[in-house]
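Structural overview
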Amino acid sequence: MVNYHKLSYVNYVTYVTILYMKTDRRVRKTTKAIKQEVIRQMQKKKYDDLTVTDICAALDISRRTFYLHYMGIQDVFNDIFMEVNDPLYRSMVEVKERYGKQTEDMKKDPAMVREIFQMVNETISANVEYLRRLATEPSYRTILSMHEELLKELIRTYMDNTDIESGVRKIYLDYYISGVIELYTQWYRNVINLSLDEIRDFACELLEADIRYLNRRKMISSQNSLRTEAAAPQTVLASAHKE
């Protein structure tokens, strides 16, 4: 089984394009109906309560027909993940290519992370009921984690263009993504009175401020190291005089 959310951007688009070209129209019609029915039933059922039998009964198809296209319920969710995030992957390829051709200073432009969050918000708006169910029903935690890992990969794309040390960058990325995911989760649950645009702006401002702090912290650390190195010969010389 293809692990869709671990495919690179370019490989993902290539894979989807080939898959689409090889897929018969009738097959696409059947798989679309199955995905739509899974999304419909998941609004009222927990993950473990979704069954192939119920899906087939609702669509008036045989189990054999279902298994011609999918290995099980999880396989359907993998396909839904691919479909939901396909526009995001394709847009991200364009962003990576565009920023990849720029100078190092331009790559650090915070406009890149703003574009990333805008694309995420567009994906959410187009699939809000499906994603809201993932975020608010604990039994879908494994499915939700696939989307969270994709968001982390997107933010990492921007973070990798900064001067922050790799170790600190990894720790900060986990911390930052946890906060952003919690923001979206609160939005799904209607706990916070913020629009998706306001969440995007807040997340971008927070990231920019944190990167400035981490860069300043790195600069201070470097200055302290230089002072320590400069003081070392004098300490040795002072010790020699005492002897």
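Heads up: the structure comes first, above all this text.
Here's a quick rundown of the structure.

The rules behind each value
Residues numbered from 1 in each chain as written. Predicted model: local features only at pLDDT ≥ 70, side-chain atom pairs only at ≥ 80, totals over all residues. Heavy atoms only, no water. Helix = DSSP H or I, 4+ residues; strand = E, 2+ residues; numbered from the N terminus. Buried < 20%, exposed > 50% of the residue type's maximum accessible area, 1.4 Å probe, protein only. Contact = heavy atoms within 4.5 Å. Areas by Shrake-Rupley, 256 points an atom, 1.4 Å probe, with all protein chains shown as cover. Salt bridge = Lys/Arg side-chain N within 4 Å of Asp/Glu carboxyl O. Arc of directions from axis to C-beta. Phe/Tyr/Trp six-rings, centres within 6.5 Å; stacked < 30°, edge-to-face > 60°. Axes fitted to C-alpha atoms, helices over the stretch in contact; angles between N-to-C directions. Parallel < 35°, antiparallel > 145°, perpendicular 65-115°, else oblique. Left-handed = near helix turned anticlockwise from the far one by under 90°. Nonpolar A, V, L, I, M, F, W, Y, C, P; charged D, E, K, R; others polar.

A look at the overall build of the protein chain
Summing up its helical and strand segments, the protein chain has 11 helices and zero strands in all. Going from the N terminus to the C terminus, the protein chain shows its helices and strands as α-α-α-α-α-α-α-α-α-α-α. Per-residue burial over the protein chain gives 40% buried out of 243 residues. Pairs at least 24 apart in sequence give 70% of the contacts found in the protein chain among residues at least 6 apart. As presented, the protein chain carries roughly 14300 Å² of accessible surface, and 54% of it is formed by carbon and sulfur atoms.

Comments concerning the pattern of salt bridges
The tally for this structure, following the rule as stated, stands at 11 salt bridges. Where K152 meets D174, a salt bridge forms, and the shortest distance between an N and an O atom there is 3.0 Å. Separated by 22 residues along the polypeptide, K152 in helix 9 (residues 141–159) and D174 in helix 10 (residues 166–188) bring together distant segments of the chain. By relative accessible area, K152 is classed as buried at 16%. A salt bridge links R200 to D201, with the shortest nitrogen-to-oxygen separation between them at 3.0 Å. Accessibility expressed as a relative area gives 14% for R200, which makes it buried. Taken together, the shared-partner salt bridges in this structure form one network comprising R114, D197, R200 and D201.

Re helix 3 (residues 52–59)
Among the residues of helix 3, V52, I55 and C56 are the ones counted as buried. Each buried residue of helix 3 lies within a common arc of 95° when the element is viewed along its axis, so the set occupies one face. The first or second residue beyond helix 3 is D60, which carries a positive phi of 60°.

Describing the packing of aromatic side chains
Evaluation of the coordinates by the stated rule reveals eight aromatic pairs. On the basis of an interplanar angle of 55° and a centroid distance of 5.7 Å, the ring pair of Y172 and Y175 is categorised as tilted. In this pair, Y172 and Y175 both sit in helix 10, three residues apart, roughly one turn of the helix. In this structure Y175 comes out as exposed when scored by relative accessible area, which is 56%. A centroid spacing of 5.7 Å and a plane angle of 25° characterise the contact between Y172 and Y176, whose relative ring orientation is stacked. Of the two residues, Y172 and Y176 are both situated in helix 10; the distance of four residues between them amounts to about one turn of the helix.

Re the packing of helix 2 (residues 25–42) against helix 3
Relative orientation of the contacting elements helix 2 and helix 3 amounts to 115°, with a least axis distance of 10 Å. Taken together, the axes of helix 2 and helix 3 lie roughly perpendicular to each other. Judged by the sense of rotation from one axis to the other, the crossing of helix 2 with helix 3 is right-handed. Of helix 3, the residues touching helix 2 (which contributes A33, I34, E37, V38, R40 and Q41) are D54, I55, A58 and L59. Per-class residue counts for the contact of helix 2 with helix 3 are six nonpolar, one polar and three charged.

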